[in-house]
Each structure stands twice: as C-alpha cells, then as structure tokens.
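Chain residues, written in single-letter form:
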Amino acid sequence: MSSEIEVDDRYRDLLPIAAHQRGLFTLEQASNAGFDPRSIQRALRRRRWEEVAPRVYRAMPAGPLLPIDDLHAAALSADALAARLSTLALCDLHPHPFTPQLLVVRSRRNLDRPGMHSTRSLPDEDRTTIAGIPSTTAIRATIDACGRLPRTLATRVVTKAIVRRRFQPAELVIRADELRNPRRPGAVAVLRIVQELNPSIAEARNEWEALIGELAVKFGLPAPVFNFRVDLPNGPRFLDAAWPPVWRGIEYDGYWEHLLSTQRFDDDRARQSELQEAGWILDRCTNRMLRKDPMRVFTPLLRAHDAAAAA
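Residues numbered from 1 in each chain as written. Predicted model: local features only at pLDDT ≥ 70, side-chain atom pairs only at ≥ 80, totals over all residues. Heavy atoms only, no water.

## A short note on the pairing of strand S10 (residues 235-243)
The pairing of strand S9 (residues 225-232) with S10 spans 7 bridges and is antiparallel. Residue Phe-226 lies in a different strand from S10, and its bridge partner there is Ala-241. As paired strands, S10 and strand S11 (residues 248-252) are joined by 3 bridges and run antiparallel to one another. When the sheet's bridge partners are listed, Ala-241 is paired in S11 with Ile-250. Between S10 and S11, which follow one another and run antiparallel, lie 4 residues, and Trp-247 among them has a positive phi close to 55°. (Pairing = 2+ DSSP bridges. Helix = DSSP H or I, 4+ residues; strand = E, 2+ residues; numbered from the N terminus.)

Spelled out as structure tokens, the structure:
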C-alpha cells in the first residue's frame, strides 16, 4: 500500500510538468520527482512509459507523435532550441522538416545528431518560446534558414513572415545587417530579398496582396494601391489592387468565397459593372493564376501603362 502511495506521490509531482510539455518529461525531471533508475527501467519494460527521444519519455498509452511533439522531444533531449525550418514551422511559415532542426549553445556533445547546429553564443534578443517550445525568434530563424533555401522559397518565407506580422521589414534588415558575416550567408540573402520587395508589402493584408506587389516590381510597374476606394453614385467601392493613373485594377477571385455566398457573388457582378461604367477596367485572377502564369495576368496592365507613357 505504501508503495502505491509513493508512486502516486511521484506522479503527482511529474504530471504537471508533463502537462506543460505535450505529455513529455525528461530523465532529470523524472529523477527529481523521485523515480530511481530501476523504477524508470521497470516502467519502460512494462510499457507504461515510452522513450520518444534520448532521455525523454511519455506515459502510455498515448496517440501517435505529431511533428510538433517530435520537435519538442528533440529539444528537451538535447537541451536545445528549435531553429531554422523548425522555428519557421512553429510560426506557420514553412512545413515541419522531416528531422527537427535545433540549435545548441556552447556545446559539442550533441552535434553528431541529425538536424543539430551550434553557436558559441545566442543573445537574448534571438531567443523566445513558441507554442511552449524554447526557440530562436522568427527573425533569427529566417536569417539562418534562408542561407540554405532556394531563392524562390526564401522569398516566399520572408514575404509570408512580413504579411503575417511576424516582423517588419526594417526589423529583419537591422538584425540581418548585425549578423552579416561570411559564415552566415542567410544574412546577405534576406537583405537582397527585402531590397527587391515592393515597399508596400508592409501594408499588405494577405499573401495575395504581397504577391501582387512582388510581381509588380518584377514587371517594372509602379506599386499598386491596395484596398483603393472609389466613390460611386451607389456608395463607395474598394479595389483589391489598383493603379489609379491608368484606371486599372486586379481583383482576387476566390473559389470558396463564391461557392459559400451567392449574395457575395451577385454583389461582385454588380460592383464590377458599376466600376466599369465609371471608367475602371478590372482584371480578375486567382492565386493559382498568379503562381502559374503571372505574365498572363499582368500583360493587360503592362499594355495600359505602355499606352499611357506613349500618349
């Protein structure tokens, strides 16, 4: 009876810790709660516990580990921080990598593990906690990751992070400039990416607007005005992206928006007719069209600007 009470007491100390770590706990935490090596081995042998990473356990039965669980276990096991693509995944800027990417500070003992990186020091400004997992900040992860990502994917990561307000372009530029050195190619990569982005990206409300702004720069067009107000007899209307000097705009067409609301679909048709009567020409496109064939979307707009310049 006393043995059962002792076990209950040990679990009583351990469970709150595990509850804050997705059901995970370390060997050190189990030992501090009163579990000796023999009781730990017995729990593993009887499959009451499962070792999910070196010296990291969880109580059984339990469901399959999610990628975020694997990341948390790996970070606990190595006493490390989530970094690079793993941090970007926590920020919903990139899928979780197959192997968690971690950063250890002033330690060589874990460098033989896949996905492990080290640094001699990590300033407090580059540290944070995301979803309960110690991590590098979104800015530091972006700089570290973009040195190895293809340019197109790196640009997409930076764009997403800015649009989703993970950081401002100026914040990224300042930190990248501070970290720039020959051994950190990501710093130079993000500085070049930000330099080439449309300045209006900081005001973009979504990734569609960010992509429109990015492509406008690519095709040599002026920056668009997003959510541009046009006053009409029946009231104000707003254009998704407008180039007022040529009275032309690009409108987002979303499949789900039209499928879910016939009223909105009808109003869009009336809105387009009102704007056309006022002299506006609108080109409509989807995200897929922008990704697959942006030239087709922007050609009418380019012609309009060429005609205005020649007039």
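Moving on from the model shown.
## Digging into the pattern of salt bridges
By the definition in use, this model includes 16 salt bridges. Residues Arg-184 and Asp-144 are paired through a salt bridge, measuring 3.8 Å at the closest nitrogen-oxygen approach. You can see Arg-184 sitting in the loop between helix H8 (169-179) and helix H9 (185-196) and its partner Asp-144 sitting in helix H6 (residues 138-146), a full 40 residues away along the chain. For the pair Arg-184 and Asp-144, a shared accessibility class is recorded, and that class is buried. With its nearest N and O atoms 2.4 Å apart, the salt bridge here joins Arg-164 to Glu-207. (Salt bridge = Lys/Arg side-chain N within 4 Å of Asp/Glu carboxyl O. Buried < 20%, exposed > 50% of the residue type's maximum accessible area, 1.4 Å probe, protein only.)

## Regarding the packing of aromatic side chains
For the coordinates displayed, the defined rule picks out 11 aromatic pairs. Seen in terms of ring centroids, Tyr-11 and Trp-49 are 6.4 Å apart; in terms of plane orientation they differ by 85°. Their pairing is edge-to-face. Taken together, the residues Tyr-11 in helix H1 (residues 2-19) and Trp-49 in strand S2 (residues 49-53) connect sequence positions 38 residues apart. Residue class for Tyr-11 comes out partly exposed when judged on its relative accessible area of 23%. Relative accessible area serves as the criterion here: at 3%, Trp-49 is assigned to the buried category. Ring centres 6.0 Å apart and planes at 40° place the aromatic pair Phe-25 and Tyr-57 in the tilted group. (Phe/Tyr/Trp six-rings, centres within 6.5 Å; stacked < 30°, edge-to-face > 60°.)

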